Amino acid sequence: MPRRSDLQKIMLIGSGPIVIGQACEFDYSGTQACRALKEEGYEVVLINSNPATIMTDPAMADRTYIEPLTVETAARIIEKERPDALLPTLGGQTALNIAVELADSGQLERYGTELIGASADVIKKAENRELFKEAMSRIGLATAKSVHLRSMEEALAFADRHGYPLVIRPSFTLGGAGGGIAYNEEQLVEMVEAGLGSSPIKQVLVEEALTGWKEFELELMRDHNDNVVVICSIENIDPMGIHTGESLTVAPAQTLSDLEYQVMRSASIAAMREIGVETGGCNIQFAVEPESGRLVVVEMNPRVSRSSALASKATGFPIAKIAARLAVGYTLDELTNDITRETPASFEPAIDYCVVKIPRWDFAKFPGADQTLTTRMKSVGEVMSIGRTFKEALQKALRSLEQGYDGLMNVKDREETDSSLFSLEQLKEILPLPRAARIFTIAEALRKGLSADEVSCLTGIDGWFIDQIFHLVEFEDKLRRAGELDEELLWQAKSRGFSDSRIAFLRGTEEKVIRELRHKYSIYPVFRRVDTCAGEFEAYTPYLYSTYERGAEETAVPLNGTEENRGKVIILGGGPNRIGQGLEFDYCCVQAALTLREEGYRVIMVNCNPETVSTDYDISDCLYFEPLTLEDVLNICHEENPDGLILQFGGQTPLKLALPLLEEGIPIWGTSPQDIDRAENRREFALVVDKLDLWEPAYGIATRPQEARKIAEKLGFPILVRPSYVLGGLAMRLVYTLEELDIYLQSGPPISSANPLLIDKYLEGAVELDVDALSDGEKVVIGGVMEHVEQAGVHSGDSCCVLPPYSIGTQQLKEIHRQTEQLARELNIRGLLNIQFAVRGREVYILEANPRASRTVPFTGKATGVPLAGLAARVIAGASLSDLGFTFGMIPNYYSVKEAVFSFSRFDNADIVLGPEMRSTGEVMGIDSNLGLAMAKALLAAGTPLPVKGTIFITVADRDKPQAVEMARSLWRLGYNLLATRGTAAALRDAAVAVEEVKRIGEGSPHMLDYINEGKVDLIINTPAGSGAFSDGKCMRQQAVQRGVSLITTMQGAMAALDGMRALQQSGMDVQCLQEYYSC
Amino acid sequence: MVLFRKRRKGGAALQTLLVLEDGFTLKGESFSGKGEVFGEVVFNTSMTGYQEMVTDPSYRGQILNLTCPMIGNYGVNEYDSESALPQVEGLLVKEYCRQPRSWRARESLGVLLDRHGILGVEGIDTRSLTLHLRRAGTMNGALSTIERDPAVLLRRVSDFPGITDPDLVGEVTSQVAHPWTERSPEIVIPVSRRETAVIGEDLHVVVYDFGVKYSILRSLANLGCRVTVVPCRTSAAEALALKPDGILLSNGPGDPVACSDVLPAIRDILGRVPVFGICLGHQLLGMALGFSTFKLVFGHRGGNHPVRELSTGKVLITSQNHGYCLQLGEESGDTVPTHINMNDGTLEGLENRGLRCFSVQYHPEAAPGPQDSTNLYEIFVDMMQNKA
């Protein structure tokens, strides 16, 4: 049956801000769905609170609502738009939960909106473990023994019957939030308590742990004619007990015989039918007991997932796009395979390569957090790599991570010790602990002579994978010992995936030497296609990976394209998501690619992050799924011989390659690498600032601790300290006293002349502003100015900001414009420039300049309706701003508020305090013509809903007390009940504000935590007093996060929230789409 | 049992040369001994099931190139063979795994091949070879650890007569009629199978062995059928004398035309008892019903081929292994096409209700491949019980 003609308008729900467990893979699926539905001629209504997404680009959907993702907001949009159908299966768990609630509350029925893709019943059956288990037993499939419970007594009783370890999973949470494995009663009690708190339906599952079993996932698709295909099998290298998002995985499965695989395949198809997923994608996880092959179904997601994004990239089969088409009535056999063009989509991809995924963790950002990997996700991103063999793919994946690994190195782990220093006995103790860098420990243990069997036994990882690592370790030894690195040996190393730099290390030489040797022997990679069919049919889509093989890729469709065009340009992507560099940069890369294609350029994309839209083969003319290292990029340049290479959209990743690429003679488009360096290098930049006669905060550079103390005393406290090369403010601290500085010097990264410490005078009371500007070398246009709500000192990525500025005078804004223009000209900017200013009174200081697309470009673009990244791409390619008709910035007559979103609930022991080091994982946006409402929307979207009435708990540092008193008075007048601890309460009583005093934790029950646990608090305003790690404040903040109580930790944030609450009381929230904002 | 063998002492790998009849040459290293073989070079895109493939008699006369790059990972075991011994002339893989890891493994693939003197070669750029065969078509080739000069080997390939004429079926068929009782191991029972799996008790099926895969026989035994395997040149009278309730025409190697001498027997059987043909058996049944055959450019070999079941419009994902095809459009009388390959529109199944026979070009017994079509054996049982 072709597309349904009874539907005209379809609503999609996005997944909201990036948090750990729900990342940009849902932007990928949502964007595919938007494009597919629009191509089919439907009017698409979209709701998503995340401004960094590509799907919320106003060109993607017809009606784009950047509004909080709540049931109420969604209902209001449905009421206003009256869509014929709602498609909830492409926006992750968030979208699914909202859809179920909308259906249950009768809202969908009321407005005649049909749920397509999956019905509410199906969703419940798949997600409710009891219903799921019943369904599985009906078709004869085994599941783990388990019980659903709502009380501690039941949990203890189950433990008595089945023993430990036990898995605890709260129902309906993202990425297993709040879950874990309990090995004893103490852990069980702790986890069940936390789980009951975090589950929206206050229910947890306690289950026998299948720890150590092999884990597999299958990605399936089904159409309404009951055709089912399996798109991909994925094998988790790490065994059960580690969340699949935390596991190294490989596709296709490597250790199953055909019979074992086919039984699993048949089981998955039967399960999908039994659950009743009518159309679209689903993901089913299995566990296999290694000694017996016993098969157990673990769980099922009746929607596209992180794994389906991986499966799409791994096979070339666009699951989300096909799912959207199936939801509107097509069957699989009516759709064609984009890549082969002649064969139908009703087939199962055949893979003739190996795909490896490795998660990326940023534990350094969460000091104190437990780094053991469990059933709860803690990784912030992932990389995927493609090679002809597992060995090659594994080594490519390791270097894709951009964490300094160029192979199976000895790496410093948590103890800050080189694992090569460990004895064999120590390694044996460490190996069973699943931790982020375990693969390196495995390699080291094998080097030290532990057998593959022993390692397999200690880690629970299938011996096949350990053997592969052993072969690499063995080959490293061969490389190290060989007298001469001859052509054959070098070839063998390259075909095993060894990087030039790893070979250089093993041979005691430089990467460049190996590169030159390779060129001398003419050892270059060949580029192979991801074609869905293992070469059986002609592939028309250039989706490529590199490998070292002797044969050429014989094809009738040339790799490099033949059509006439204006030039060939490579765009380097942003690599794995991490804190400080995420989806925002992918947004810029995608917009640049689409714009340049429209302009007639042949666009080549390079990236290695499977969650992204940029690695969708539809976005560019040619996609290289490759690591973003100098070696890999140079190989692509050698193959493609591009007219230009664009670096400024992918964040720091490509920028780091600017100078080395220039040295190799690669034409760089946009701002020159030398000018980039002038902006990035602190000393050089100071010269620029001096030359232009601008101000920056007084600073010093220390190469020894003693020097640091001297500089600090000269500048006067407070000061900001950080290592000289930082990303996302890593290891950056605000320091108030000499004692604090000493602690930092002892515990922070070591200082040397190679790694100097930057010390800035901290401007107290200053307002920080972010400017995104665009320059063609002549003209400079300001895309947007954002005012930060929090004071300078909170990392710009973590602070709440407002566009246009709300408290800065015209005089200062004019000055900011003038300085931006001056800097852009001086730095010869071609393309984007982001500058951070601090304004104190009439003084304007420059904090830093980034000669590239910034994290705020997508937000600025959406707040103003100007596609900044696209315009920048055209400027970089040679257009002038006058050509583009972009000669002055747009200042909107409504407010857009960007608020940061954190994933603190993932880390039990990490404190929740904003500081100079960025720790947020995502962002949301609130828009309204009223600033207070825009603020309230942003906070609601960030999971910090403001109460219209109720109880607010205030406890602030002494320095904030005067301001807190005024704020409390306003809150009291608005009718809120106030709670406070002794000091704050006294201050409020003195000012004649009614307040109830609450005991501190040490002062006996009921104390402040009891109030929070009992749900008596609607909002907490707490500004931290100092860095006391075990203070009451820290306990309370953690409790608030675990219990989901709104928490504000800065005075400025609280003042903004006050405006929000006032506005909420006056008029409720209303919804309006971007297209409406732009047209008025 | 020998699980694996260490690399040859002295370390030198055994260089092996592959030369196709058009001069296309690749180098690799043998992982199973020495030798020189000739055959038709074909590729299979399945991602699992090397043990089933190398032991499938339909590959007799062929050098098999596996597109799945890593082979040998789970070894070989006592259940997954499709005949008593490896049947391929040679096996080409990208990377061979010497140390299998699986709870079911009994020995390594290399040891199995070596024992039967079959060349297994790794280090082959299997994708280049596949793309070449796809464009240039299936062709003859030679594989040698002995001859180092491609030109010399190319001359020998040119002299190789190919596999169109020889009696490959005669090589692989059973010599005498014999019963078959073995069922699939427990693990194979798919969840979708009817509760009452044993629906064919008291039925006697005679299987014409043109190179039958064990899984076909096991599929019948699983349903409770009594199975007798007979040599390919058994006459109709001899077969019918066994008083079968139905006759199955099995898969097998080579060009169906080379097997034309069995057509009279099939024609005699038709209409007397229900007949079910699979792969070569399907082609022979079709020929008996008046179809001609043609050779596909590079065949259908893999586990992901979509086939449309015409009666329901549904798509089946099938296991395929054939180089020849019946010519669609040549059906006559009551014979109707039942299945069509959705990639290239070729005929995948036919039936003649009047003559109570049906056949499929693909492999409903899977092994290797998806188990979507195992119900065809049940349909055969129904037909034998006069239900269909």
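Bear in mind that the values here come from a model prediction, so they are computed numbers and not experimental data. (Residues numbered from 1 in each chain as written. Chains lettered and ligands numbered in written order. Predicted model: local features only at pLDDT ≥ 70, side-chain atom pairs only at ≥ 80, totals over all residues. Heavy atoms only, no water.)

Asks: Teacher, can you tell me more about the overall build of chain B here?
Replies: Along its length, chain B carries 10 helices and 19 strands. For chain B, the C-alpha radius of gyration of 21 Å lies close to 21 Å, the compact-globule estimate for 388 residues. Per-residue burial over chain B gives 66% buried out of 388 residues. Of the roughly 13500 Å² of accessible surface on chain B, 51% is carried by carbon and sulfur atoms. Computed over 37 positive and 44 negative side-chain charges, the separation of the two mean positions in chain B equals 6 Å. (Helix = DSSP H or I, 4+ residues; strand = E, 2+ residues; numbered from the N terminus. Rg over C-alpha atoms; globule rule 2.2 N^0.38 Å. Buried < 20%, exposed > 50% of the residue type's maximum accessible area, 1.4 Å probe, protein only. Areas by Shrake-Rupley, 256 points an atom, 1.4 Å probe, with all protein chains shown as cover. Lys, Arg positive; Asp, Glu negative; His and termini not counted. Charge placed at Lys NZ, Arg CZ, Asp CG, Glu CD.)

Asks: Got a minute to help me understand the sheet that holds strand β13 (residues 280–288) of chain A in this structure?
Replies: Strands belonging to one sheet form pairs held by backbone hydrogen bonds; the direction of such a pair is parallel or antiparallel. Residues and elements named next belong to chain A. The strand order across the open sheet built from seven strands is β14-β13-β10-β11-β12-β15-β16, with neighbouring strands paired in antiparallel fashion. Strand pairing shows two members of the sheet lacking a second neighbour, β14 (295–301) and β16 (381–387), which therefore form its edges. Averaged over all pairs of adjacent strands, the angle between strand axes in this sheet comes to 25°, irrespective of strand direction. Where strand β15 (residues 354–360) lies against β16, seven bridges are found, and the strand directions are antiparallel. (Pairing = 2+ DSSP bridges. Axes fitted to C-alpha atoms, helices over the stretch in contact; angles between N-to-C directions.)

Asks: What exactly am I supposed to notice about the packing of helix α18 (residues 500–507) of chain A against helix α19 (residues 511–520) of chain A here?
Replies: Describing two packed helices takes the angle between their axes plus the distance from one axis to the other. All names here are of chain A. Running from amino to carboxyl end, α18 crosses α19 at an angle of 110°, the nearest separation of the two axes being 8 Å. Between α18 and α19, the crossing angle belongs to the class labelled roughly perpendicular. In the packing of α18 onto α19, the handedness of the crossing is right-handed. Taking contact as the criterion, the partners of Asp500, Ser501, Ile503 and Ala504 in α18 are, on α19, Glu511, Ile514, Arg515 and Arg518. Broken down by class, the residue content of the contact of α18 with α19 amounts to three nonpolar, one polar and four charged. (Parallel < 35°, antiparallel > 145°, perpendicular 65-115°, else oblique. Left-handed = near helix turned anticlockwise from the far one by under 90°. Contact = heavy atoms within 4.5 Å. Nonpolar A, V, L, I, M, F, W, Y, C, P; charged D, E, K, R; others polar.)

Asks: I would appreciate a short explanation of the sheet that holds strand β3 (residues 63–65) of chain A in the present structure.
Replies: Residues and elements named next belong to chain A. With parallel pairing, five strands are arranged side by side in an open sheet as β3-β2-β1-β4-β5. Where the open sheet ends on each side, the last strands, each with one partner, are β3 and β5 (114–115). As paired elements, strand β1 (residues 9–13) and strand β4 (residues 85–87) share three bridges and run parallel to each other. Counterpart to Ile10 in the pairing with β4 is Ala85.

Asks: So what exactly am I meant to see when it comes to unusual backbone geometry here?
Replies: Across residues other than glycine, the phi torsion is negative in most instances, and most of the peptide bonds are trans. All names here are of chain A. Look at the link from Tyr164 to Pro165: it is a cis peptide, with omega at -5°. In this structure, Pro165 sits in the loop between α7 (152–162) and β7 (166–170). Note the cis peptide between Ala251 and Pro252, where omega equals -10°. Mapped onto the elements of the fold, Pro252 is located in the loop between β12 (249–251) and α9 (258–275). You will see that Glu402, though not glycine, has its phi angle at about 55°, which is positive. Along the chain, Glu402 falls in the loop between α12 (390–400) and α13 (424–430).

Asks: Before we go on, may I ask you to explain the pairing of strand β9 (residues 139–144) of chain B in this structure?
Replies: The two faces of a sheet get side chains in turn, since along a regular strand they alternate between them. Residues and elements named next belong to chain B. Extensive coverage of β9 is indicated by the burial of six of its six residues. Alternating positions in β9 separate into two faces, Met139, Gly141 and Leu143 on one and Asn140, Ala142 and Ser144 on the other, with burial throughout. Across four bridges, strand β1 (residues 14–20) lies against β9 in antiparallel orientation. Looking across to β9, one finds that Leu17 is bridged to Ser144. As defined by bridge partners, strand β3 (residues 36–44) adjoins β9 across six bridges and the pair is classed as antiparallel. Across the sheet, residue Phe38 finds its bridge partner in β9, namely Ala142.

Asks: Is there a simple way to think about the environment of Lys391 of chain A in this case?
Replies: Considering the arrangement of structural elements, one finds Lys391 of chain A in helix α12. Here Lys391 of chain A falls in the buried class, since its relative accessible area comes to 8%. Leave out the neighbours within four places in its chain, and Lys391 of chain A touches Gln468, His471, Leu472 and Arg496 of chain A together with Glu95 of chain B.

Asks: Which parts of the structure should I look at to understand the interface of chain B and chain A?
Replies: One widely used convention gives an interface's size as the accessible area the parts lose upon coming together. Across the boundary between the two partners, chain B contributes 55 residues, which contact 69 residues of chain A. In this assembly, chain B packs against chain A so that about 5100 Å² is buried in total across both faces, 49% of it on carbon and sulfur atoms. At the junction of chain B and chain A, the tally comes to 13 salt bridges. If you list the elements that add at least two residues to the side of chain B that touches chain A, you get α3 (126–136), β15 (293–309) and β16 (314–326) of chain B. If one sorts the elements of the side of chain B that touches chain A by residue count, α3 of chain B sits on top with eight residues. Classifying every residue of the side of chain B that touches chain A gives 24 nonpolar, 18 polar and 13 charged. (Buried area = accessible area lost by both parts, 1.4 Å probe. Salt bridge = Lys/Arg side-chain N within 4 Å of Asp/Glu carboxyl O.)

Asks: I'm lost on the confidence of the model for chain A in this one. Help?
Replies: Low-confidence regions, as indicated by low pLDDT, have predicted coordinates that should not be scrutinised in detail. Predicted confidence across chain A gives a mean pLDDT of 91, with 95% of residues reaching 70 or more. Segment residues 413–417 of chain A is flagged for pLDDT under 50; beyond a separation of four residues in sequence, or across chains, it makes nine contacts in the model. (pLDDT = per-residue confidence, 0-100.)

Asks: Help me understand the packing of aromatic side chains in this model?
Replies: Pairs of aromatic rings are described using the distance from one ring centre to the other and the angle between the two planes. All names here are of chain A. This structure, assessed with the given rule, holds 24 aromatic pairs over all chains. With a centroid separation of 5.4 Å and an interplanar angle of 55°, the aromatic rings of Tyr353 and Tyr545 are classed as tilted. Of this pair, Tyr353 sits in the loop between α11 (319–327) and β15 while Tyr545 sits in strand β18 (residues 543–547); the two residues are 192 residues apart in sequence, bridging distant segments of the chain. Across the pair, Tyr545 and Tyr353 agree in class, each one buried. A ring pair is formed by Tyr601 and Trp669, whose centres lie 6.1 Å apart and whose planes are at 80°; its orientation type is edge-to-face. You can see Tyr601 sitting in the loop between α20 (583–598) and β20 (602–607) and its partner Trp669 sitting in strand β23 (residues 668–669), a full 68 residues away along the chain. (Phe/Tyr/Trp six-rings, centres within 6.5 Å; stacked < 30°, edge-to-face > 60°.)

Asks: Looking at this structure, I do not really get the nonpolar core. What am I missing?
Replies: Within soluble globular proteins, side chains that are nonpolar tend to cluster in buried spots. Residues and elements named next belong to chain A. By size, the foremost hydrophobic cluster in this structure holds 151 residues, and its most contacted members are Phe390, Leu394 and Phe649. Sorting elements by how many residues they give to this core places helix α16 (residues 463–481) first, with eight residues. If we ignore the near neighbours within four places in the chain, the residues touching Phe649 are Phe585, Cys588, Cys589, Ala592, Leu832, Ala853, Ala869, Ala872, Ala873 and Ile876. One finds Leu931, Tyr976, Ala1054 and Ala1056 within the second-largest nonpolar core, a separate group that totals 40 residues. (Core = buried A, V, L, I, M, F, W, Y, C linked by side-chain atoms within 4.5 Å.)

Asks: I'm lost on the pattern of salt bridges in this one. Help?
Replies: Between side chains of opposite charge, pairing is possible as soon as their charged atoms come close. If you walk through the whole model with that rule in mind, you get 92 salt bridges over all chains. Ionic pairing is found between Asp238 of chain A and Arg438 of chain A, a salt bridge with its closest N-O pair at 3.4 Å. You can see Asp238 of chain A sitting in the loop between β11 (228–236) and β12 and its partner Arg438 of chain A sitting in helix α14 (residues 438–447), a full 200 residues away along the chain. Assigned by exposure class, Asp238 of chain A and Arg438 of chain A land together as buried. In this structure, Arg308 of chain B engages Asp333 of chain A in a salt bridge whose closest nitrogen and oxygen atoms are separated by 2.7 Å. Separated into two different chains, Arg308 of chain B in strand β15 and Asp333 of chain A in the loop between α11 and β15 make up a pair that spans both.

Asks: Can you help me understand helix α8 (residues 185–198) of chain A in this one?
Replies: Residue and element names in this part refer to chain A. A rise of 1.5 Å per residue sets the reference length of α8, with its 14 residues, at 20 Å; its end C-alpha atoms lie 20 Å apart and thus fit the reference within 8%. Listed in full, the buried residues belonging to α8 are Leu188, Met191, Val192, Gly195, Leu196 and Gly197. Looking at the buried side of α8, the elements it contacts are β6 (146–149), α7, β7, β8 (180–182), β9 (204–208) and α35 (1032–1043). One side-chain oxygen at the N-terminal end of α8 lies 3.3 Å from the backbone nitrogen of Glu186; it belongs to Asn184. (Expected span 1.5 Å × (residues − 1). Polar contact = N/O pair within 3.5 Å; in protein donor to acceptor, adjacent residues only side chain to side chain.)

Asks: Where do I start with the side chain of Ser151 of chain A in this structure?
Replies: Residue and element names in this part refer to chain A. Take Ser151: it is sitting in the loop between β6 and α7. Ser151 gets classed as buried once you look at its relative accessible area, which sits at 19%. In this structure the side chain of Ser151 is engaged in a polar contact, spanning 3.4 Å, whose partner is the side chain of Glu153. Only 2.9 Å separates the side chain of Ser151 from the side chain of Glu154, close enough to count as a polar contact.

Asks: Looking at this structure, I do not really get the side chain of Glu127 of chain A. What am I missing?
Replies: All names here are of chain A. Along the chain, Glu127 falls in helix α5 (residues 120–127). Arg303 provides the closest opposite charge to the buried, unpaired Glu127, separated from it by 4.4 Å. Of note is the side chain of Glu127, whose polar atom sits 2.5 Å from the side chain of Gln93. When neighbours within four sequence positions are excluded, Glu127 is seen to be in contact with Gln93, Leu96, Asn97, Phe172, Asn301, Pro302 and Arg303.

Asks: Honestly, the packing of α20 of chain A against helix α30 (residues 868–876) of chain A in this entry has me stumped. Any pointers?
Replies: Residue and element names in this part refer to chain A. One way to put it is that α20 packs onto α30 with a least axis distance of 8 Å and a crossing angle of 55°. On the basis of the axis angle, α20 is oblique to α30. The two elements α20 and α30 meet at a crossing, and its hand is right-handed. In this structure, α20 uses Cys588, Gln591, Ala592, Thr595 and Leu596 to contact α30, whose residues at the interface are Leu868, Ala869, Gly870, Ala873 and Arg874. Its residues assigned to classes, the contact of α20 with α30 shows six nonpolar, three polar and one charged.

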